[in-house]
Amino acid sequence: MQETTNRPGELPSYDENQIQVLEGLEAVRKRPGMYIGSTGPRGLHHLVYEIVDNAIDEALAGYCNHIEVDILPGDVIQVADNGRGIPVGIQHKVGKPAVTVVFTVLHAGGKFGGGGYKVSGGLHGVGASVVNALSLWLEVQVRDGKQVHFQRFERGKEVEPLKVIGTCSETGTTVTFKPDGEIFEELVYDYDTLLTRLREQAFLNAGVKITLTDRRGPEPRQEVMRYEGGISSFVEYIHNRRKESLELIHPDVIYLSGKQGTAVAEVAMQYNDSYNELILSFANNINTVEGGTHETGFKNALTRVLNDYARKNNLLKESDKNLSGEDVREGLTAVISVKLEDAQFEGQTKAKLGNTEINALVSGMVYDKLSVYLEENPAVARAIIDKSVGAARAREAARKARELTRRKSALETAQLPGKLADCSEKGTENTEIYIVEGDSAGGSAKQGRDRRYQAILPLWGKMLNVEKARLDRVYGNDKLMPVITALGTGIGDEFDISKLRYSKVIIMADADVDGSHIRTLLLTFFFRFMRPLIEQGHIYIAQPPLFKVSKGKQVRYAYTDREMAQYVAELGGESGKCDVQRYKGLGEMNPEQLWETTMDPANRIMLQVQLEDAVKADEIFTILMGDKVGPRREFIEQNAQYVNNLDI
């Protein structure tokens, strides 16, 4: 995007009459989760994204090329842009300045057909008003090229009317706010969390400069991001972070783009030697984590292009089957970005794009332009086809292993794993399965559970590290097949989350090194072969207590060292003589204790596994569980200082 000079006299298309009012601001403070997802750290950071998204929309419209985000002392956030500035004229339907309406009326904004924006990510128009409603205070400063306008709000309400506080020659908007402690569980912003999101936005908007500065410490911490290469730079960045852990199949990122009317589609892609795919898709800068029509169009076209090329150049024999979608995406890192008017997302979370016309745009563009690229770069084409053919052979081996496993199961007349103690209730709504480390703990869990809705699946022995294995090695594996069969979803191209047999899949392992290893191996498996289980919140980690503190008949279970010390002080009194037992394994607890501390919904503590950043998660699994020792050693050396509980 080129540098833009903002001159007020040239902006007739964006004024107070482009701000359309749909309804008043109500209930945001009562039900904040409906608007920002949660009142935890995710929701806290979401406030920043909403204001930044408004500035990004100005960039999409071609009027902004620099966005500055500052974390000020006291965890106050300031977002400044050099866009046109929110209109300050009177909005005729409400009778108030448009900027006041934007911050006080839900569903008020320039994105509902008033002509202010052709493309925007802030589809629902709730961003500014929701941030205002959930802030202890918020101040907005608008520069219109002549005057500086200012207004302050407290908990969503106007403290004073909009006023002029100075003169200026530039345009733009600055929003400063302090999140409300009555709403949020914690108020401390994480620099790295904001950096990840803002870097993503800089990649998606080539040429736009985004500056993040943390001013809370004695010395400012700053990152300036501007990527003229756009999403090609994004793919390079992903691979550069993992360059010691994998090898590239071809040296250069493949970049494809196309346009249809006002809609624009871009794809950047590159293959590596791993067995995993990483596809990130975006629509109007919003990460569509559940995919949608743009992602479907890309996948279908990619499969057609590579099969057609392979047939035409005799890289597939007549007797060979076509390459599947999974085959051609093995080892692929791709970023798909589309920008369009009237984007239709499924749900307030905007997780999936639904515009059908985008499928045709992306599919046609990828087929035509990738076909030309492969013809002009036969060495790259051959490397990709060879990689895909290898994946196809492994898939065929997996199919044979799967059929052999099924025949064996049919002969044994057992459709569910023999060690599975299933629950009596059917359907996934309230049921849960505990995947338990070891037969001993499995026995206690079976006796202590509520058999109506709790199923137990014991695992034993060393589990396969799937980061180093293709699909064919998973089928028939005596540690993983019971998990696959018990959950019922299948894996690979057979995966179907609608067949999931339990609402909660709970990993229950010892609180030691071996238990941590088991958890990591299972999480690697779920991430690589059943990722929707994580994305849709079905995976949990049980938290058994670390200590039993007792004195006479009084018993307390402690989950942290601090809690243990507190109970010792409470029960021991001045004498301090109470007994403290450190649990090394689940098997040390009898069934009643295991139920009371770890399995009873009324008392238990569980961690829900969430996928905050797919790129970071992919990188960490590659480093920690991959073949290369060097990156793993480097990671351990860099993070050893953060270890709290070292079991040696």
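> Which parts of the structure should I look at to understand the overall build of the protein?
Along the protein, the regular secondary structure elements total 19 helices and 26 strands. By residue count, 53% of the 648 residues in the protein fall in the buried class. Restricting to contacts in the protein with at least 6 residues of sequence separation, those with at least 24 account for 69%. Roughly 29,700 Å² of accessible area belongs to the protein as shown, and the carbon and sulfur atoms make up 47% of that amount.

> Honestly, the sheet that holds strand 22 (residues 539-542) in this entry has me stumped. Any pointers?
Picture the strands of a sheet paired through backbone hydrogen bonds; they go either parallel or antiparallel. Spatially, 5 strands are ordered 20-19-21-22-26 in an open sheet, and the strand pairing comes out mixed. On the outer flanks of this sheet lie strand 20 (454-459) and strand 26 (606-608), each paired with one strand and no other. With strand direction ignored, the average angle separating the axes of adjacent strands in the sheet is 25°. Strand contacts of helix 11 (residues 439-448): strand 19 (432-437), strand 20 and strand 21 (504-508), with the helix running at about 170° to strand 20, the strand carrying the most contacts.

> Can you walk me through the pairing of strand 20 in this structure?
Two faces belong to every sheet, and in a regular strand the side chains alternate between them. Counted residue by residue, strand 20 has 6 buried out of 6 residues, so it is predominantly covered. Side-chain alternation along strand 20 places Gln454, Ile456 and Pro458 on one buried face and Ala455, Leu457 and Leu459 on a second face that is also buried. As paired elements, strand 19 and strand 20 share 6 bridges and run parallel to each other. Paired with Val436 across the strands is Pro458, a residue of strand 20. At this point the chain moves from strand 19, through helix 11, to the parallel strand 20, and the crossover so formed is right-handed.

> Whenever I open this one, the pattern of salt bridges confuses me. Can you help?
When the charged atoms of two side chains lie near each other, side chains of opposite charge can form a pair. With the rule as written, the count across this model stands at 28 salt bridges. When the shortest N-O distance is used, the salt bridge between Lys163 and Glu160 registers 3.2 Å. Judged by its relative accessible area of 38%, Lys163 is partly exposed. Looking at Glu160, the relative accessible area reads 22%, which means it is partly exposed.

> Explanation requested: the sheet that holds strand 25 (residues 579-582) in the structure shown.
Strand order in this open sheet of 3 strands is 24-23-25, and the pairing throughout is antiparallel. Unpaired on one side and paired on the other, strand 24 (554-558) and strand 25 mark the two borders of the sheet. Strand-to-strand, the axes of this sheet are offset by a mean angle of 20°, without reference to chain direction. In this structure, strand 23 (residues 547-551) lies alongside strand 24, joined through 5 bridges in antiparallel fashion. The partner of Phe547 across the bridge, within strand 24, is Ala558.

> Which parts of the structure should I look at to understand the packing of helix 14 (residues 513-529) against helix 18 (residues 614-625)?
When two helices pack together, their arrangement is given by the angle between the helix axes and by the axis-to-axis distance. The contact between helix 14 and helix 18 brings their axes to 11 Å, and the two run at 130°. On the basis of their axis angle, the class for helix 14 and helix 18 is oblique. For the element pair helix 14 and helix 18, the recorded crossing hand is left-handed. Residues Thr520, Leu521, Leu523, Thr524, Phe527 and Arg528 of helix 14 form the contact with helix 18, whose own contacting residues are Ala614, Ala617, Asp618, Phe621, Thr622 and Met625. A breakdown of the residues in the contact of helix 14 with helix 18 according to their chemical character gives 7 nonpolar, 3 polar and 2 charged.

> Got a minute to help me understand unusual backbone geometry in this structure?
With the exception of glycine, most residues fall at negative phi, and the peptide bonds are largely trans. With phi around 75°, Asn285 is a residue other than glycine that occupies positive phi space. Locating Asn285 in the fold gives a position in the loop between strand 16 (278-283) and strand 17 (286-287). Given the relative accessible area of 4%, Asn285 is considered buried. In this model, Asn314 sits at a positive phi of 55°, which is unusual for a non-glycine residue. Inspection of the secondary structure puts Asn314 in the loop between helix 7 (293-312) and helix 8 (325-329). The exposed category is assigned to Asn314, whose relative accessible area is 64%.

> Can you walk me through the environment of Asn300 in this structure?
By the element assignment, Asn300 lies in helix 7. Classification of Asn300 as partly exposed rests on a relative accessible area of 43%. A sequence separation of 25 residues divides Asn300 from Gly325, and the C-alpha atoms of the two residues are 7.4 Å apart.

> Please explain the packing of aromatic side chains as it appears in this structure.
Pairs of aromatic rings are described using the distance from one ring centre to the other and the angle between the two planes. Within this structure, the stated rule accounts for 7 aromatic pairs. Look at Phe103 and Phe153: their rings are 5.9 Å apart centre to centre, the planes differ by 25°, and that puts the pair in the stacked class. With Phe103 in helix 3 (residues 98-104) and Phe153 in strand 8 (residues 147-154), this pair connects stretches of sequence that are 50 residues apart. Among the residues examined, Phe153 registers a relative accessible area of 0% and is labelled buried. The interplanar angle of 10° and the centroid separation of 4.6 Å between the aromatic rings of Phe203 and Phe234 together place this pair among those described as stacked. Note that Phe203 is positioned in helix 5 (residues 191-204) and Phe234 in helix 6 (residues 231-241), a separation of 31 residues in sequence. In terms of burial, Phe203 and Phe234 fall into one category: buried.

Parameters and conventions
- Residues numbered from 1 in each chain as written.
- Predicted model: local features only at pLDDT ≥ 70, side-chain atom pairs only at ≥ 80, totals over all residues.
- Heavy atoms only, no water.
- Helix = DSSP H or I, 4+ residues; strand = E, 2+ residues; numbered from the N terminus.
- Buried < 20%, exposed > 50% of the residue type's maximum accessible area, 1.4 Å probe, protein only.
- Contact = heavy atoms within 4.5 Å.
- Areas by Shrake-Rupley, 256 points an atom, 1.4 Å probe, with all protein chains shown as cover.
- Pairing = 2+ DSSP bridges.
- Axes fitted to C-alpha atoms, helices over the stretch in contact; angles between N-to-C directions.
- Right-handed = clockwise from strand over helix to strand, strands pointing away.
- Salt bridge = Lys/Arg side-chain N within 4 Å of Asp/Glu carboxyl O.
- Parallel < 35°, antiparallel > 145°, perpendicular 65-115°, else oblique.
- Left-handed = near helix turned anticlockwise from the far one by under 90°.
- Nonpolar A, V, L, I, M, F, W, Y, C, P; charged D, E, K, R; others polar.
- Phe/Tyr/Trp six-rings, centres within 6.5 Å; stacked < 30°, edge-to-face > 60°.

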